[in-house]
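Report on the structure
One-letter residues, chain by chain:
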Amino acid sequence: MRAPVTTPLPESSSPHRTYTERRAAAEAELKRLDDVSARYANLRALVFLSSAAVAGLVLFQRLPRTWWWAAGAAFAVYLLLAVLHHQVFLREERQRLYVQLNERGLARLTRGWHDFAERGERFLTGSHLYAADLDVFGQGSVFQLMNETATRAGEERLAAWLSWPAQAEAVQARQGAARELVPRVEFRQDVCVEARTVAKEKADPGLFIQWAESGPSLTSIRWARPVAVILPLVTLTLLVLGNFGVVHGRVWWAGVLVQLAVVRLTRGPLRAMEERMSAGEHGFVRYAPIFERVERERFEHPELRRVQAGMQHEGEPPVSTHLKRFSWLYSFVEFKRHQFHPIVHLFTLWDVHALFALENWKQQHAARVRGWFEALAELEALSCLAGLAFDRPGFTWPTLEADGPKVKTVGVGHPLLDEPVLNDVELPGPGHALLLTGSNMSGKTTLLRAVGLNTVLALAGAPVCARSFSVTPLQVLTSMRVKDSLERGVSYFYAEVQRIKAVLDAAAAAKGHAMFLLDEILLGTNTRERQIASREVLRLLLATGAIGGVTTHDLSLANLAEEHGGKVVNMHFRDHLENGKMVFDYQLRPGVVDTTNALRVLRMAGVPVEDTEAKEAKEAPSLPNLPSPPGRGTG
């Protein structure tokens with residue numbers, strides 16, 4: 001078994017220092033580029049005015065006509081300066097993105113990440129076995145903290161890893177790959193910047209993949225391809241021969257009329273292909289620089305090499321080359337927006353050439369496009385795991401064990417809290433459970449969520465908030481935030497029953513390789529039936545071989561520890577009074593809690609409830625002092 005490993009970083013590479021220095025460097029470069037841009041703007045204005053002045057002097061015959069060349073040369077210089085100035089604008093935009101990325105990095109070190117817009121609500125489903133209860137998605141979720149993907153496909157891959165536990169081999173491969181990416185902050189940020197430079201919003205490769213895999217689109221007009229090559233040449237030849245008197249001077253118009261017929265016959269299929277392709281393009285073909293950046297990186301871990309190899313087949317050019325060619329070909333289709341396109345298309349059959357070239361590209365690469373973007377998505381998800389490890393250097397890389405189900409933690413805390421209180425939790429084997437009692441707000445539910453969410457992270461390949469954490473592959477099952485549904489006509493109690501039934505079914509399907517986390521179950525019924533039902537639910541879950549934890553305020557359930565031969569262990573949290581105020585230390589202790597605080601909490605909230613226990617104690621009659629029986633002390 002591997003020893004638990006954290007991610008130690010030298011002081012010079014601490015997250016705060018790294019992000020601060022990289023942000024400062026980007027801001028300095030941005031200021032330098034602003035100065036360069038200002039100089040280009042002044043120079044462009046000077047050259048333009050010079051060109052206009054020379055042209056005006058020539059036009060009003062103050063200079064000889066030969067000076068038109070000088071005016072033209074000055075205007076050409078102006079165009080060159082405009083191109084160079086545009087490149088400066090692009091570099092400025094990149095530096096702004098670097099500033100934003102490092103500001104996001106600093107926000108992740110504080111509670112600023114709660115303001116991030118991408119929270120992953122679209123991945124939440126009411127039937128998921130743990131996502132809603134453990135804050136996997138949504139406001140204040142682990143997805144909101146971790147997500148730094150560049151594409152929708154990368155976002156979906158990260159969400160999938162957080163939604164379903166991986167097998168031990170896959171977890172260990174992800175861990176190894178992510179650990180190599182931890183110090184490569186520059187590479188991880190470069191990939192994000194390349195993506196965001198070409199798309200204001202995350203591009204979705206799904207439509208592009210769908211177009212690439214859709215099969216031939218121009219089969220019905222296959223005849224047009226050779227015609228588009230031959231016919232314009234024939235028309236041009238007739239025009240030249242007519243000018244030299246070899247043929248009648250107007251015979252070339254016959255060729256134009258035939259080309260017009262070709263335009264009309266091919267219009268429908270060409271337009272249909274263009275619409276499907278444009279829907280799938282959405283700027284994604286301009287993502288060649290992302291692949292190019294990945295291709296330049298040299299990886300050591302086999303998992304990263306495998307992912308990188310998925311972007312290039314042996315003996316072929318890299319993916320970036322294929323996408324650059326696609327972008328180049330697509331630029332000919334975009335010429336359709338130009339005002340002169342109808343004339344050019346009529347005389348050259350432009351669209352036929354352009355779209356058949358793209359059809360040929362699709363036939364060559366259709367079988368591989370999905371693999372390219374899946375490899376990129378996997379690299380993005382791995383980078384998110386690495387980013388969490390970099391931002392939280394105190395987190396531990398968990399160890400995976402074979403025989404289970406089993407969870408053993410030392411110093412486990414909630415990964416979404418800034419300063420979590422750490423506790424030790426052990427569920428050593430099949431049929432073991434913790435029965436957690438404690439006063440209100442003492443930390444029972446938070447502990448369940450800490451164990452559950454860290455297990456989710458561990459089985460996604462991510463680091464965890466613990467000093468050490470070992471786990472076997474298992475399915476996490478929760479019942480915590482049960483909601484009734486007026487729309488579906490489901491009461492709170494029945495909604496909870498449905499949830500518990502789903503947990504029982506999932507535990508049985510997992511054949512015991514599961515961990516259940518149940519918070520105050522069956523609150524919607526009376527005390528007597530709740531006690532009976534709670535015992536039965538726990539018995540059924542433990543009978544599958546699953547492990548888990550249950551919180552309760554019903555102290556009568558404490559004797560379950562005796563009924564299950566010591567496999568159910570009583571643990572508790574408590575509070576105490578200091579200067580009339582409740583104080584919690586959130587430390588887990590063995591045994592059953594012997595204090596309550598519900599009335600005190602109500603009074604703290606301003607609800608004027610009466611302290612009946614104190615009143616009864618005050619009003620109870622005092623017993624007279626009776627003499628002790630002979631031979632016995634007063635004790």
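Just above sits the structure.
Below is a short write-up of the structure. Along each chain, residue indices are assigned from 1 in the same order as the chain's sequence is written. This being a predicted model, a pLDDT of at least 70 is required before a residue's local features are given, and a value of 80 or more before pairs of side-chain atoms are given or counted; all residues contribute to the totals for chains, interfaces and linings. The basis for the side-chain values is all heavy atoms of the structure; hydrogens and waters are excluded.

1. So, empty space enclosed by the protein
Heads up, the rule is: Both cavities and pockets are sets of points on a 1 Å grid over the protein atoms alone; in a cavity a 1.4 Å probe fits but cannot get out, in a pocket the set is open with protein on both sides within 12 Å along at least five of seven lines, and lining residues sit with an atom within 4 Å of a point. Grid points are joined across faces, edges and corners, and a volume is the space filled by probe spheres set on the points. Each helix corresponds to a stretch of at least 4 residues labelled H or I by DSSP, and each strand to a stretch of at least 2 residues labelled E; elements are numbered beginning at the N terminus. Residue classes follow a fixed rule: Ala, Val, Leu, Ile, Met, Phe, Trp, Tyr, Cys and Pro count as nonpolar, while Asp, Glu, Lys and Arg count as charged, and any other residue, Gly among them, counts as polar.
In total, this model carries four cavities of 30 Å³ or more according to the counting rule given. Volume-wise, the largest cavity comes out at about 280 Å³. Contributing to the lining of the largest cavity are 22 residues, with Glu148, Arg188, Cys192, Ser383 and Gly387 lying nearest its centre. Mapped onto the lining of the largest cavity, the elements with two or more residues apiece are α2 (68-108), α3 (142-146), α6 (185-198) and α14 (350-391). Considering every element that reaches the lining of the largest cavity, the biggest residue donor is α14, with seven residues. For the lining of the largest cavity, the per-class residue count stands at twelve nonpolar, four polar and six charged.

2. Notes on the side chain of serine 534
Selection criterion: Contacts described as polar in this section are N or O atom pairs within 3.5 Å, which, within protein, must combine one atom able to donate a hydrogen with one able to accept it, while residues neighboring in sequence count only if both atoms come from side chains. The contact rule is simple, with two residues in contact once any of their heavy atoms fall within 4.5 Å.
You can see serine 534 is positioned in helix α17 (residues 527-543). A polar side-chain atom of serine 534 sits 2.7 Å from the main-chain carbonyl oxygen of arginine 530. Once residues lying within four places of it in the same chain are set aside, the contact partners of serine 534 are Ile521, Leu522 and Leu557.

3. Observations regarding the pattern of salt bridges
How we decide: We define a salt bridge as a contact between a side-chain nitrogen of Lys or Arg and a carboxyl oxygen of Asp or Glu at a distance within 4 Å. For every residue, the accessible area (1.4 Å probe, protein chains only) is compared with the maximum for its type, and the residue is labelled buried under 20%, exposed over 50%, or partly exposed between those bounds.
This structure, assessed with the given rule, holds 34 salt bridges. The shortest N-O distance in the salt bridge between arginine 32 and glutamate 29 comes to 2.8 Å. Residue arginine 32 and its partner glutamate 29 are both found in helix α1 (residues 15-59); the two are separated by three residues, about one turn of the helix. Note that lysine 31 and aspartate 35 form a salt bridge whose closest N and O atoms lie 3.9 Å from each other. Of this pair, lysine 31 and aspartate 35 both sit in helix α1, four residues apart, which is roughly one turn of the helix. Its relative accessible area of 38% is what places aspartate 35 among the partly exposed residues.

4. Here we look at the sheet that holds strand β5 (residues 423-427)
Inclusion rule: Note on pairing: DSSP must find at least two bridges between two strands before they are called paired. Fitted lines through C-alpha atoms serve as axes, helices being fitted only where they are in contact, and the angles separating the N-to-C directions of these axes extend from 0 to 180 degrees.
If you walk across this open sheet you meet the four strands as β3-β7-β4-β5, and the pairing is mixed. Because the sheet does not close on itself, it has two edges, and the strands there are β3 (399-400) and β5. Relative to the sheet, helix α15 (residues 444-460) contacts β3, β4 (407-412), β5 and β7 (468-471), its axis offset from that of β7 by approximately 70 degrees.

5. Structural notes on the packing of aromatic side chains
Heads up, the rule is: A pair of Phe, Tyr and Trp rings is counted when the ring centres sit within 6.5 Å of each other, with Trp represented by its six-membered ring. The angle between the planes then sorts it: under 30 degrees is stacked, over 60 is edge-to-face, the rest tilted. Note on criteria: charge over ring means Lys NZ or Arg CZ within 6 Å of the ring centre, with the direction from the centre no more than 35 degrees off the ring normal.
Inspection of the entire model under this criterion finds 21 aromatic pairs. Arranged with centres 5.7 Å apart and planes meeting at 80 degrees, the rings of tyrosine 19 and phenylalanine 390 form a pair that is edge-to-face. Note that tyrosine 19 is positioned in helix α1 and phenylalanine 390 in helix α14, a separation of 371 residues in sequence. Here tyrosine 19 matches phenylalanine 390 in class, with each residue buried. With a centroid separation of 5.5 Å and an interplanar angle of 45 degrees, the aromatic rings of phenylalanine 123 and phenylalanine 137 are classed as tilted. In this pair, phenylalanine 123 is assigned in the loop between α2 and α3 and phenylalanine 137 in the loop between α2 and α3, connecting sequence segments 14 residues apart. This pair shows no difference in class: phenylalanine 123 is buried, exactly as phenylalanine 137 is. Linked through ring pairs, Phe208, Trp211, Phe291, Phe326, Tyr330, Trp361, Trp372 and Phe373 together constitute an aromatic cluster. When the ring centre of tryptophan 161 is taken as reference, the NZ or CZ atom of arginine 174 above it lies at 4.0 Å.

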